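Here is how the chains run, residue by residue.
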Amino acid sequence: AFFQRAAFLSAAADLAATPPDSGHEVAFAGRSNAGKSSAINALCHQKALARTSKTPGRTQQLIFFRLDDERRLVDLPGYGFARVSLTIKHQWQALMERYLEQRDSLKGLVVMMDIRHPLTAIDQQMIGWGSAAELPLLLLLTKADKLKRGATERSLRDVRKALASTPVPLEVLAFSAVTRVGLEATQARVSEWLEL
Ligand code: GDP
């Protein structure tokens with residue numbers, strides 16, 4: 001229920017600018033255009049909380065949304081945008097790795113991947129950092145409305161199999177911001193992580 005109350009809190013380009021590291025937060029990661037903003041908006045029952053954008057890779061900041069005094073959602077900068085320089089890529093990698101490793105209030109990581117091309121190298125890097133930080137993971141295979149049932153099941157099976165030896169709790173769900181498949185399960189998991 002507290003998802004509906006989500007409101008913009010702050011944006012941070014580095015760890016020093018993040019809000020106090022207390023309470024619980026859950027972070028959302030994904031390649032640019034994976035459907036991350038649409039998923040956050042669906043989760044919070046808001047149309048324009050997270051910006052959906054036609055210019056992928058634009059946001060290079062961590063965006064914090066406040067749910068209540070002790071709970072936050074964090075929209076991590078989208079990754080995998082071909083046109084950014086190597087310097088920007090390295091800055092992004094360092095920021096992500098340090099945030100995931102050092103942030104005590106971070107209780108879980110949601111990684112979003114287009115169901116039609118999941119587990120790119122950079123997705124695997126993000127999953128690796130999350131598991132190195134001992135965070136439980138929720139992988140959402142987004143835009144599931146684009147595939148038929150059989151292909152959806154195959155993709156779920158393939159991703160689960162590829163990640164079977166990941167050393168942290170890990171759940172893989174089909175998700176669609178359009179049909180809302182996977183939405184309740186996502187809310188349930190994120191709520192669980194946010195429990196104080
Ligand atoms: P972000 O860059 O990861 O935040 O992705 P966006 O949420 O901005 O979505 C990227 C594009 O994918 C937009 O054109 C969305 O309308 C579209 N999109 C996002 N989620 C879905 C979905 O569940 N189904 C379909 N069919 N399209 C989606």
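Residues numbered from 1 in each chain as written. Predicted model: local features only at pLDDT ≥ 70, side-chain atom pairs only at ≥ 80, totals over all residues.

As annotated in an unreviewed UniProt entry, the protein carries the name Probable GTP-binding protein EngB and comes from Halochromatium glycolicum. Taken verbatim from the UniProt record of the protein, the Cofactor (unreviewed entry) comment is "Mg(2+)". UniProt annotates the protein under Function (unreviewed entry) with the comment "Necessary for normal cell division and for the maintenance of normal septation." (UniProt positions renumbered as here; feature names shortened; annotations may be inferred.)

**Q** So what about the sheet that holds strand S2 (residues 24-30)? Which residues, and what values?
**A** Pairing is mixed across the open sheet formed by seven strands, whose spatial order is S1-S3-S4-S2-S5-S6-S7. In the strand order of this sheet, the two ends are held by strand S1 (7-12) and strand S7 (170-174), each with one partner. With strand direction ignored, the average angle separating the axes of adjacent strands in the sheet is 20 degrees. Examined bridge by bridge, strand S5 (residues 106-114) and strand S6 (residues 137-142) share six bridges and lie parallel to one another. In the strand pairing of S6, Val 110 is matched with Leu 138. (Pairing = 2+ DSSP bridges. Helix = DSSP H or I, 4+ residues; strand = E, 2+ residues; numbered from the N terminus. Axes fitted to C-alpha atoms, helices over the stretch in contact; angles between N-to-C directions.)

**Q** Describe the environment of Leu 119, naming the residues involved and giving the relevant values.
**A** Along the chain, Leu 119 falls in the loop between S5 and helix H3 (121-132). A tally of 17 C-beta atoms within 10 Å means that Leu 119 is categorised as partly exposed. Separated by 114 residues in the primary sequence, Leu 119 and Arg 5 have C-alpha atoms spaced 32 Å apart. When residues no more than four places from it in sequence are discounted, the contact partners of Leu 119 are Met 113, Gln 124, Val 159 and Ala 162. (Buried ≥ 20, exposed ≤ 12 C-beta atoms within 10 Å, placed from the backbone. Contact = placed C-beta atoms within 7 Å.)

**Q** Lay out the nonpolar core in plain terms, naming residues and giving numbers.
**A** Counting residues in each nonpolar core, the largest one holds 50 residues, and the members touching the most others are Phe 28, Val 110, Val 111, Leu 139 and Leu 141. Element by element, the count of residues in this core is highest for S5, at six residues. When neighbours within four sequence positions are excluded, Leu 141 is seen to be in contact with Met 113, Ile 115, Pro 118, Ser 155, Leu 156, Val 159, Val 172, Leu 173, Ala 174 and Phe 175. (Core = buried A, V, L, I, M, F, W, Y, C linked by C-beta atoms within 7 Å.)

**Q** Could you give an account of the pairing of S5, with specific residues and numbers?
**A** Most of S5 sits inside the fold, with eight of its nine residues counted as buried. Summarising the sheet, S2 and S5 pair through six bridges and their orientation is parallel. Counted as the bridge partner of Glu 25 is Leu 106 from S5. Handedness of the crossover joining S5 and S6 through H3 is recorded here as right-handed. (Right-handed = clockwise from strand over helix to strand, strands pointing away.)

**Q** Give a detailed account of unusual backbone geometry, specifying residues and quantitative values.
**A** In the Ramachandran plot, Glu 134 falls in the positive-phi region, its phi being about 60 degrees despite a non-glycine side chain. Turning to its location among the elements, Glu 134 is positioned in the loop between H3 and S6. Of note in this structure, Lys 143 is not a glycine but carries a positive phi near 60 degrees. Turning to its location among the elements, Lys 143 is positioned in the loop between S6 and helix H4 (149-162). Judged by the 23 C-beta atoms lying within 10 Å of it, Lys 143 falls in the buried class.

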